[in-house]
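Remarks on the overall topology
Single-letter residue listing:
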Amino acid sequence: MEKIIFIGICGASGVIYGIKLLKYLRSLNIKTVLSLSNNAKSIIEIETPFSVEELKNTASLYYENDDFFSPFASGSVIFDSAVIVPCSMKTIGSIASGIYSNLITRVAHISLKEGRKLILVPRETPYSLIDLKNLVILKESGACILPASPGFYGQPKTIDDIVNFIVGKILDQLGIENDLIKRWYESKIRNSQIKDL
Ligand SMILES: Cc1cc2nc3c(=O)[nH]c(=O)nc-3n(C[C@H](O)[C@H](O)[C@H](O)COP(=O)(O)O)c2cc1C
């Protein structure tokens, strides 16, 4: 069966992670279903050069976040994995407490109840105790918690390099081969240490 990946972009800083994931999957001709929360739409305008319309057209399918008549609001419609990137603490809290009041949280609910892969990319700092407890609940419920915490051992030169690190980690979790991450064995730091041995 063809791979279908749901991408939810929430109103947290770092919407570029979701956008880059969408564009990378498009470049591989992998089917994507996209939904943007209202705050995500505003933050896309503030933080990136992309327009909401362009992103809607990049996805294979787009549904508004209040569209419970979307086929993906039903567990009977199969998708492989769902990625919420970035994921606000409000959306983390909603999923953790079983409040599925929009399409993104409903798809998260379906992923957990149907045993499909759910990758959550929280973006907040510092975390409150409530945030941390909610993240534990979600991890215990089967979600993959993949914080937007890029590594620097690949010696990134550009913002793109930093963004690619997180997108590459998401693709690794989705089981999609990618060359976005400079792996530790390719790192100059490690190679120079090996030379010193
Ligand atoms: C410019 C801007 C940046 C924000 N950044 C974050 C953030 O990084 N993390 C977060 O949890 N909330 C952030 N928020 C607050 C969320 O947008 C807000 O809690 C909203 O209710 C989230 O709803 P959503 O998950 O449905 O998009 C930000 C809001 C604005 C306006």
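Residues numbered from 1 in each chain as written. Predicted model: local features only at pLDDT ≥ 70, side-chain atom pairs only at ≥ 80, totals over all residues. Heavy atoms only, no water.

**What about unusual backbone geometry?**
What counts is decided by this rule: The secondary structure listing takes helices from DSSP runs of H or I that are at least 4 residues long and strands from runs of E that are at least 2 residues long, numbered from the N terminus. Three labels apply to residues, based on accessible area from a 1.4 Å probe with only protein chains included: buried if under 20% of the type maximum, exposed if over 50%, partly exposed otherwise in between.
With an omega dihedral of -10°, the bond running from V85 to P86 counts as a cis peptide bond. Examined against the element boundaries, P86 turns out to sit in strand 4 (residues 81–87). Here the residue pair T125 and P126 is connected by a cis peptide bond, since its omega of -10° sits within 30 degrees of zero. Relative to the helices and strands, P126 resides in the loop between strand 5 (117–122) and helix 6 (129–140). Positive phi values are uncommon outside glycine, yet N29 reaches one of about 60°. Since its relative accessible area comes to 67%, N29 is described here as exposed. Notably, Q155 is not glycine yet its phi reads approximately 50°, a positive angle. Relative to the helices and strands, Q155 is located in the loop between strand 6 (144–145) and helix 7 (159–174).

**Focus on the site of the ligand**
Test applied: In these notes, residues near a molecule or strand are those with any non-hydrogen atom within 4 Å of it. Under this definition, polar contacts are N or O atom pairs within 3.5 Å; protein pairs additionally need one hydrogen-donor-capable and one acceptor-capable atom, and for neighbouring residues in sequence, both atoms have to be side-chain atoms. Per-residue and other accessible areas follow the Shrake-Rupley method at a 1.4 Å probe size, with only the shown protein chains counted as cover for residues. Note that Gly is not counted as nonpolar here; it falls among the polar residues with everything else outside the nonpolar set of Ala, Val, Leu, Ile, Met, Phe, Trp, Tyr, Cys and Pro and the charged set of Asp, Glu, Lys and Arg.
With respect to spatial proximity, 13 residues lie near the ligand, and among them G11, S37, S88, T91 and R123 are the closest. Contact between the ligand and S13: an oxygen atom at 3.0 Å from a main-chain N or O atom of the residue. For the ligand, an oxygen atom lies 2.8 Å from a polar atom in the side chain of K90. In isolation the ligand has 640 Å² of accessible area, and contact with the protein removes 68% of it. Taken together, the elements giving at least two residues each to the shell around the ligand come down to helix 2 (38–47) and helix 4 (89–96). In terms of residue count, the dominant contributor to the shell around the ligand is helix 4 (3 residues). Grouping the amino acids of the shell around the ligand by side-chain chemistry returns 4 nonpolar, 6 polar and 3 charged.

**Remarks on the packing of aromatic side chains**
Basically, it comes down to this: Centres within 6.5 Å are what make two rings of Phe, Tyr or Trp a pair, Trp counting through its six-membered ring; a difference in plane orientation under 30 degrees is then read as stacked, over 60 as edge-to-face, and the rest as tilted.
Going through the model one piece at a time under the given rule, you end up with 3 aromatic pairs. The interplanar angle of 50° and the centroid separation of 6.4 Å between the aromatic rings of F72 and F79 together place this pair among those described as tilted. One exposure class covers both F72 and F79, and it is buried. Clustering of aromatic rings is evident, with ring pairs tying together Y63, F72 and F79.

**Points about the UniProt feature "binding site: FMN" (unreviewed entry) in the protein**
Note the cut-off: UniProt positions are given in the numbering used here, feature names are shortened, and annotations may be inferred rather than shown by experiment. It only takes one pair of heavy atoms within 4.5 Å for two residues to be counted as in contact.
Annotation from UniProt places "binding site: FMN" (unreviewed entry) at G11, A12, S13, S37, S88, M89, K90, T91 and R123. When you line up the elements, S13 lands in the loop between strand 1 (4–9) and helix 1 (15–27). A relative accessible area of 33% means that S13 is categorised as partly exposed. In contact with S13, not counting residues within four places along its chain, are E47, P86 and R123. Side chain to side chain, S13 and E47 meet in a polar contact 2.7 Å long. Relative to the helices and strands, R123 resides in the loop between strand 5 and helix 6. Sequence-distant contacts of R123, defined by excluding residues within four places in its chain, comprise A12, S13, P86, C87, M89 and A148.

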